[in-house]
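In case you want the letters, here they are:
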Amino acid sequence: MEASDAFVGLACLACGEPANGDVPGWCQTCGGILDAQYEYEALDVTRDTFASRPFTSMWRYHELLTHSPDEAVTMAEGCTPLVDCPEFADALGVARVLIKDEGRNPTATFKDRGHSLAITAAASHGASDIALASAGNAGQSAAAYATRAGLTAHVFVPDRAGLTQRALIRRHGARLEVVDGTLGDAGAAYEAAMAAHPEWYSTQAFVTPYRHEGKKTMGYEIVEGLDWTVPDAIVYPTGGGVGLLGIQKGISEFHRLGLVEGSPAVYAAQSTGCAPIVRAWEAGADEHEPWVDPDTICAGIEVADPVASPHVLSVLRETGGSAVATDDDAILTAMRRVATRDGVEMAPTSAAAASGACALADQGAFTEDDAVVVVNTGAGSKDPDV
Ligand SMILES: *Cc1c(COP(=O)(O)O)cnc(C)c1O
Ligand SMILES: [Zn+2]
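Rules of the game
Residue numbers restart at each chain and count upward from 1, following the sequence in its written direction. Naming scheme: in the order in which they are written, chains are lettered from A and ligands are numbered from 1. The model is predicted, so local features are restricted to residues of pLDDT at least 70 and side-chain atom pairs to those at 80 or more, both for listing and for counting; the totals for chains, interfaces and linings are taken over all residues. Only heavy atoms go into the side-chain values, all of them from the structure, while hydrogens and water stay out. Any residue with a heavy atom lying within 4 Å of a molecule or strand is counted as near it. For the purposes of these results, a polar contact is taken to be a pair of N or O atoms within 3.5 Å, where, inside protein, one atom must be able to donate a hydrogen and its partner to accept one; residues adjacent in sequence count only when each atom of the pair is a side-chain atom. For the area figures, the Shrake-Rupley method with a 1.4 Å probe applies, and any residue is considered shielded solely by the protein chains shown. Note on definitions: the grid is 1 Å and covers protein atoms alone; a cavity is a set of points where a 1.4 Å probe fits but cannot get out; a pocket is an open set with protein on both sides within 12 Å along at least five of seven lines; lining residues have an atom within 4 Å of a point. Molecules are considered to sit inside a cavity or pocket once more than half of their atoms lie within 2 Å of its grid points. Helix and strand assignments follow DSSP, with helices taken as H or I runs no shorter than four residues and strands as E runs no shorter than two, numbered in order from the N terminus. Paired strands are those between which DSSP finds at least two bridges. Note on definitions: a residue-residue contact is assigned when non-hydrogen atoms from the two residues lie within 4.5 Å. Orientation is described by axes fitted as lines to C-alpha atoms, over the contacting stretch for helices, and by angles from 0 to 180 degrees between their N-to-C directions. Counted as donors are N, O and S atoms no farther than 2.8 Å from the metal, or 3.2 Å for Na, K and Ca; water is not among the atoms, and sites may therefore look incomplete. Think of it this way: with four donors and all angles in the 85 to 135 degree range, the site is tetrahedral; with four or six donors, opposite ones beyond 155 degrees and the rest between 65 and 115, it is square planar or octahedral; otherwise it is irregular. For a helix, the expected span equals 1.5 Å multiplied by the number of residues minus one. Burial status follows relative accessibility: with a 1.4 Å probe on protein chains alone, a residue under 20% of its type maximum counts as buried, one over 50% as exposed, and anything between as partly exposed. Grid points are joined across faces, edges and corners, and a volume is the space filled by probe spheres set on the points. Three categories are distinguished: nonpolar for Ala, Val, Leu, Ile, Met, Phe, Trp, Tyr, Cys and Pro, charged for Asp, Glu, Lys and Arg, and polar for the others, with Gly belonging to the last. Whether a crossover is right-handed comes down to one check: with the strands pointing away from the viewer, does the path from the first strand over the helix to the second run clockwise; if it does, it is right-handed.

Colleague: Help me understand the site of ligand 1, please; the structure alone is not making it clear to me.
Modeller: As a matter of local geometry, ligand 1 sits amid 16 residues, with Lys 111, Tyr 236, Gly 241, Gly 243 and Thr 377 nearest to it. One nitrogen or oxygen atom from the side chain of Lys 111 is found 2.8 Å from an oxygen atom belonging to ligand 1. Here a nitrogen atom of ligand 1 sits 2.7 Å away from a polar atom, N or O, in the side chain of Thr 377. When ligand 1 is considered free in solution it has 390 Å² of accessible area, and contact with the protein chains removes 94% of it. When atom positions are compared with the pocket grids, ligand 1 is found to occupy the largest pocket. When contributions to the shell around ligand 1 are tallied by element, the ones reaching two or more residues are strand E9 (233-237), helix H9 (242-256) and helix H13 (348-362).

What follows is the structure, encoded as structure tokens:
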């Protein structure tokens, strides 16, 4: 593997134990989530190192990625805009709302950041097949990047996955397996297939450390886009929390490198149809209980059993944020309002963050001077069936 100079290996987020090698999997000691480690002291980067580069792909932050840009499987993902939304700011009673518009990625969601890095790692490892379970968007992204790298993707989706996602997964030449039931059932089918094919390389969320790693570039871009300051709040539509943990890691790395001061309050937004993180937050628990019978139009965040919940909950606590759930009607109303007034097209799943921001404003979470970033994780055209 050709690594970035500062990357020193993987270690467990829970127990800190270093991993054996650089392949996806759980911590050998405690079963926890693996995460990339860097020798930050060895890095010689300033604001200008990044600011002087074109804003065209997340690989502009390659010193802080696990692989080098020479081997990157990339389609110019990342480097999305922060769109000022004055009408939305007015509605929330805050100074600014900025929508981080991840709909502008190659397959129209932020999943591309994770899969650019995860497929780069798979190709660099010499894998021929990759596999994952997905609600749809991650599978579509995996299929696109895998075919670009000449790998075969095996994608397991629940039967409620969107028609667009299913069609495009097939269009990219992946092997699509449609499983009756929920994302959890698709996950069980994926696990059975992995057991039968130990040579397959996983790009499953949190099994691979490279998806949360790729998504941390959202944190870098938010800071750089705000002229090297942090926003007061970030509201994130939370399923597994891959992107939430990534953003938090990115911002704290920039903090550690002396590139920015302060840290934003991080808020997790969910739908009342599947809100295990919010329920755990409200109970003051350190981890979630699986949600029984998940049912929401927000397919991308219908994650009943989010394995990273202890880490997500501790980010909310440590940054002074919280977790909020709104119902599907409120989510669709928020989606329509943002499209009508500010023009930005949000995916229904992502609109949980817009709706959550409204609920947080009602709770008095923001002040009138605040700058609030709402992450639009996917394009409005992604889920026409909703
Ligand atoms: C996958 C997905 C999410 C949730 O992602 P996590 O980072 O796992 O919480 C949110 N929005 C969209 C559009 C998605 O596809
Ligand atoms: Zn561990």
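Colleague: Whenever I open this one, the sheet that holds strand E5 (residues 129-133) confuses me. Can you help?
Modeller: Pairing between the strands of a sheet comes from backbone hydrogen bonds, and it takes one of two forms, parallel or antiparallel. Within the open sheet, the four strands sit side by side as E7-E6-E5-E8. Their pairing is parallel. Edge positions in the sheet fall to strand E7 (175-179) and strand E8 (201-202), since each has one partner strand and no second. Judged from the five bridges that link them, strand E6 (residues 152-158) and E7 form a sheet pairing that is parallel. Looking at the pairing, Phe 156 lines up with Glu 177 of E7. The sheet contacts of helix H4 (residues 137-148) involve E5 and E6, and relative to E5 the element is tilted by about 170°. Contacting E6 and E7, helix H5 (residues 163-171) crosses the sheet at an angle of about 150° to E7.

Colleague: Would you take a moment to explain the coordination of the zinc ion (ligand 2) for this structure?
Modeller: Ideal values for angles at a metal depend on the geometry: 109.5 degrees with four tetrahedral donors, 90 or 180 degrees with six octahedral donors. The coordination sphere of the zinc ion (ligand 2), as far as protein atoms go, consists of Cys 12 (SG), Cys 15 (SG), Cys 27 (SG) and Cys 30 (SG), spread over 2.3 Å. Coordination at the zinc ion (ligand 2) is tetrahedral, judged from the four donor atoms that bind it and the angles of 102 to 117° they form at the metal. Written as a sequence motif, the donor arrangement for the zinc ion (ligand 2) is C-x2-C-x11-C-x2-C.

Colleague: Quick question: what am I supposed to make of helix H3 (residues 111-125) here?
Modeller: Residues spaced three or four apart along an α-helix face the same direction, because each turn holds 3.6 residues. Helix length check: H3 (15 residues) gives 21 Å between terminal C-alpha atoms against 21 Å at 1.5 Å per residue, within 8%. Among the 15 residues in H3, twelve count as buried, and that is most of the element. When H3 is considered as a whole, its buried residues turn out to be Lys 111, Asp 112, Arg 113, Gly 114, His 115, Ser 116, Leu 117, Ala 118, Ile 119, Thr 120, Ala 121 and Ala 122. At its buried positions, H3 is contacted by strand E4 (96-101), E5, H4, E8, helix H7 (209-215) and helix H8 (217-225).

Colleague: Please clarify how the layout of surface pockets should be interpreted in this entry.
Modeller: Rolled over the atoms, a probe as big as a water molecule pinpoints where empty space is left. The space that makes up the largest pocket amounts to roughly 950 Å³. Around the largest pocket, the lining comprises 49 residues; the ones closest to its centre are Ala 133, Leu 183, Gln 204, Ala 205 and Val 303. Mapped by element, the contributors of at least two residues to the lining of the largest pocket are H4, helix H6 (183-196), H7, E9, H9 and H13. Examining the composition of the lining of the largest pocket, we find that seven residues originate from one element, H6, more than from any other. Among the residues making up the lining of the largest pocket, the classes are represented as 23 nonpolar, 18 polar and eight charged. Taken as a whole, the second largest pocket encloses approximately 490 Å³ of empty space. Taken together, 20 residues form the lining of the second largest pocket, with Leu 13, Asp 35, Gln 248, Lys 249 and Ser 252 sitting closest to its centre. A per-element tally of the lining of the second largest pocket places H9 first, with seven residues.

Colleague: What is the right way to read the sheet that holds strand E11 (residues 323-326) from this model?
Modeller: If you trace the six strands from one edge of the open sheet to the other, you get E3-E4-E12-E9-E10-E11, paired in mixed fashion. Each of the sheet's edge strands pairs with one partner strand only, and the pair in question is strand E3 (82-84) and E11. Recorded for the sheet is a direction-independent mean angle of 25° between the axes of neighbouring strands. Summarising the sheet, strand E10 (residues 265-271) and E11 pair through four bridges and their orientation is parallel. Note that in E11 the partner of Ala 269 across the bridge is Val 324. Packing of helix H12 (residues 328-342) onto the sheet brings it into contact with E4, E10 and E11, and relative to E11 it is tilted by some 95°.

Colleague: Can you help me understand the pairing of E5 in this one?
Modeller: The side chains of a regular strand alternate between both faces of the sheet. For E5, a buried count of five out of five residues is recorded, marking the element as mostly surrounded by other parts of the structure. Relative to E6, E5 is paired through five bridges, and the arrangement is parallel. Pairing of Asp 129 across the sheet is with Thr 152, part of E6. With H4 bridging E5 and its parallel neighbour E6, the resulting β-α-β unit is right-handed.

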